[in-house]
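Chain residues, written in single-letter form:
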Protein chains: 2
Amino acid sequence: MQFSPLIKELIDAFKILPGVGPKSAQRMAFHLLERNRQGALQLSHVLHNAMEHVKHCEQCRTFCENKLCEICANPKRQENQTLCIVESPQDMLAVEQTSEFKGRYFVLMGHLSPIDGIGPAEIGLEQLSQILENDDITEVILATNPTVEGEATAHYIAQMCKTQTIKASRIAHGVPVGGELEFIDGNTLTHAFNGRRDI
Amino acid sequence: MQFSPLIKELIDAFKILPGVGPKSAQRMAFHLLERNRQGALQLSHVLHNAMEHVKHCEQCRTFCENKLCEICANPKRQENQTLCIVESPQDMLAVEQTSEFKGRYFVLMGHLSPIDGIGPAEIGLEQLSQILENDDITEVILATNPTVEGEATAHYIAQMCKTQTIKASRIAHGVPVGGELEFIDGNTLTHAFNGRRDI
Ligand SMILES: [Zn+2]
Ligand SMILES: [Zn+2]
């Protein structure tokens, strides 16, 4: 005996979700069938809608369902001559939540990773090049992740800025505020020492 | 700034899944948008289909999309005069996977839990009563879980069988095969001692 065909299909379909194995997928399927069919129908509807209508902002490449995202559609933000480069929409939200940065964004939707076939074209660097050439940008802040790929990507874009004589800066890496030195990894500590400033 | 309305809706919709909090829901939404829109559309479709078409087997109450489930539709299984009572379709599958039991099932889809308003009617005991009265059942095997509610439910059904003079038996509880005594909880060990047999 096995579960009925529709239930098997449902369990299999859940397995495409990150972090969901056979057991969780089964739990999800039965939970919805038993207790929340209304919620499940809503999830089905929203899922379909999002996949059909969410595309990329034509200017910054973040996900949104309109031509321009909220920030690119805001004239005040667009007057600002600073452009912040991040890897993902989640990173963009994290920067926004500090309320520190008032400029524009460019979202790579990834990072350079030649081994996975992800080159400059895949992360929108042609589009970025056009922006640097045509728009009135005076500083590019490189806020890619402090990983090998993120650093390589930042370096590549810094070179692009150089050829256009636009200032490029990298966000600081070091000990997180509130972090305790003894629990910080050596790599971060090295960054913290190299990035030291006079007080 | 926040994510665009459709993305927010999608993240919220994922939170109905068991074990999925805000962070996982966000990861699921972006994973599908970035990497698997086809799979997401398929999930949406299957989810809708399952919620609309999966109902209960008219005889044993397990989930299925037809009038009768695979087992209830099998004449050989229906000739057998033994009826196994389980709490869920997953428990039914677990018993089936041992290939030991050749009889019929009745799936309670829960257990008695007066505190949650779950009484005999909610777990189909009226329907079970009809089966015990009309069908040719000679033994009822109570395979509810060894929890307080599962035991109470087993006890209640055993009484129903008694009034119909049908034999009722409870599956054995004890040390799992391959289990090590030192890691078994005291309750299970008590069951194992009380259920000891001569060898
Ligand atoms: Zn934008
Ligand atoms: Zn059935």
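Per chain, residue numbering runs from 1 following the sequence as it is written. Each chain gets a letter, beginning with A, and each ligand a number, beginning with 1, in the order they are written. In keeping with the model being predicted, local features are shown solely for residues with a pLDDT of at least 70 and side-chain atom pairs are shown and tallied solely at 80 or more, while totals for entire chains, interfaces and linings include all residues. Hydrogens and water are ignored here; the side-chain numbers use all heavy atoms of the structure.

Draft legend 1. Local environment of the interface of chain A and chain B. Chain A puts 51 residues into the contact, and the matching count from chain B is 51 residues. Accessible-area loss on putting two parts together, using a 1.4 Å probe and summing over both, is the definition of buried area adopted here. Buried area between chain A and chain B, both sides added, is near 5100 Å², and the carbon and sulfur share of it is 75%. Three residues, Met1(A), Leu6(A) and Met51(A), lead the burial of chain A against chain B; their summed loss comes to 15% of the area buried on that side. Here, a salt bridge means any side-chain nitrogen of Lys or Arg that lies within 4 Å of a carboxyl oxygen of Asp or Glu. Summed over the shared surface of chain A and chain B, the number is zero salt bridges. A run of DSSP states H or I qualifies as a helix once it reaches four residues; a run of E qualifies as a strand once it reaches two. Both are numbered from the N-terminal end. Put simply, the parts of the chain that give the side of chain A that touches chain B at least two residues each are helix H1 (5–14), helix H2 (22–35), helix H3 (37–53), strand E2 (63–64) and helix H5 (89–96) of chain A. Broken down by element, the side of chain A that touches chain B gets its largest block of residues, 14 residues, from H3(A). Throughout, the ten residues Ala, Val, Leu, Ile, Met, Phe, Trp, Tyr, Cys and Pro are labelled nonpolar, Asp, Glu, Lys and Arg are labelled charged, and all others, Gly among them, are labelled polar. Broken down by class, the residue content of the side of chain A that touches chain B amounts to 31 nonpolar, 12 polar and eight charged. Residue contacts follow a heavy-atom distance rule, with two residues in contact if any of their heavy atoms lie within 4.5 Å.

Draft legend 2. Molecular detail of the domain arrangement of chain A. In terms of domain boundaries, chain A breaks down into domain 1 (5–53) and domain 2 (66–170). All the domain ranges listed were derived from an automatic or database domain assignment. One C-alpha centre belongs to domain 1 of chain A, the other to domain 2 of chain A, and the line joining them spans 35 Å.

Draft legend 3. Focus on the layout of surface pockets. Quantified by volume, the largest pocket comes out at close to 450 Å³. Cavities and pockets are defined on a 1 Å grid built over the protein atoms alone: a cavity is a set of grid points where a 1.4 Å probe fits but cannot escape, while a pocket is an open set with protein on both sides within 12 Å along at least five of seven lines, and lining residues are those with an atom within 4 Å of any such point. What lines the largest pocket is a set of 16 residues, among which Glu34(A), Arg35(A), Ser88(B), Gln90(B) and Gly110(B) lie closest to the centre. Contributing elements (two or more residues each) for the lining of the largest pocket: H2 of chain A together with helix H5 (89–97) of chain B. For the lining of the largest pocket, the element with the highest residue contribution is H2(A), accounting for seven residues. Among the residues making up the lining of the largest pocket, the classes are represented as three nonpolar, seven polar and six charged. Grid points are joined across faces, edges and corners, and a volume is the space filled by probe spheres set on the points.

Draft legend 4. Summary view of the coordination of the zinc ion (ligand 2). Residues and elements named next belong to chain B. Here the zinc ion (ligand 2) is held by Cys57 (SG), Cys60 (SG), Cys69 (SG) and Cys72 (SG), and the distances to it run 2.3 Å. In this listing, donors mean N, O and S atoms no farther than 2.8 Å from the metal, or 3.2 Å for Na, K and Ca; water is missing from the atoms, so a site can look incomplete. A four-donor site is called tetrahedral if each angle lies between 85 and 135 degrees; a four-donor site is square planar, and a six-donor site octahedral, when trans pairs exceed 155 degrees and the remaining angles lie between 65 and 115; all other cases are labelled irregular. The site at the zinc ion (ligand 2) holds four donor atoms, and with the angles between them running 105 to 119 degrees, its shape is tetrahedral. Along the chain, the residues that donate to the zinc ion (ligand 2) are spaced as C-x2-C-x8-C-x2-C.

Draft legend 5. Spatial organisation of the pairing of strand E6 (residues 167–170) of chain B. Residues and elements named next belong to chain B. Any two strands are treated as partners once DSSP identifies two or more bridges connecting them. Pairing of strand E5 (residues 139–142) with E6, which is carried by four bridges, proceeds in the parallel orientation. Following the sheet pairing, glutamate 139 is matched in E6 by lysine 167. Regarding topology, helix H7 (residues 148–163) serves as the crossover connection from E5 to the parallel E6, and that connection is right-handed. Here a crossover is taken to be right-handed if, once the strands point away from the viewer, the path from the first strand over the helix to the second is traced clockwise.

Draft legend 6. Quick peek at helix H3 (residues 37–53) of chain B. The span expected for a helix works out to 1.5 Å for each residue beyond the first. With 17 residues, H3(B) ought to run about 24 Å at 1.5 Å a step, and its terminal C-alpha atoms sit 24 Å apart, in line with that. Within the span of H3(B), buried status applies to Gly39(B), Ala40(B), Leu41(B), Leu43(B), Ser44(B), Val46(B), Leu47(B), Ala50(B) and Met51(B). Looking at the buried side of H3(B), the elements it contacts are H1, H2 and H3 of chain A together with helix H2 (22–35) of chain B. Relative accessibility under 20% of the residue-type maximum defines a buried residue, over 50% an exposed one, and the middle range a partly exposed one, all with a 1.4 Å probe and only protein chains included.

Draft legend 7. Quick peek at the relation of the copies chain A and chain B. For the pair chain A and chain B, the relating rotation is 180 degrees, the translation along its axis is 0.1 Å, and the fit reaches an RMSD of 0.1 Å. The symmetry that links the two subunits is that of a two-fold axis. Of the C-alpha atoms belonging to chain A, the one lying closest to the rotation axis is found on Ser44(A), 2.1 Å away. Mapped onto chain B, 100% of the interface residues of chain A are again interface residues, and the two copies thus contact each other with one and the same surface. Copy-to-copy superposition: least squares on the C-alpha atoms, limited to residues that have pLDDT of at least 70 in both copies.

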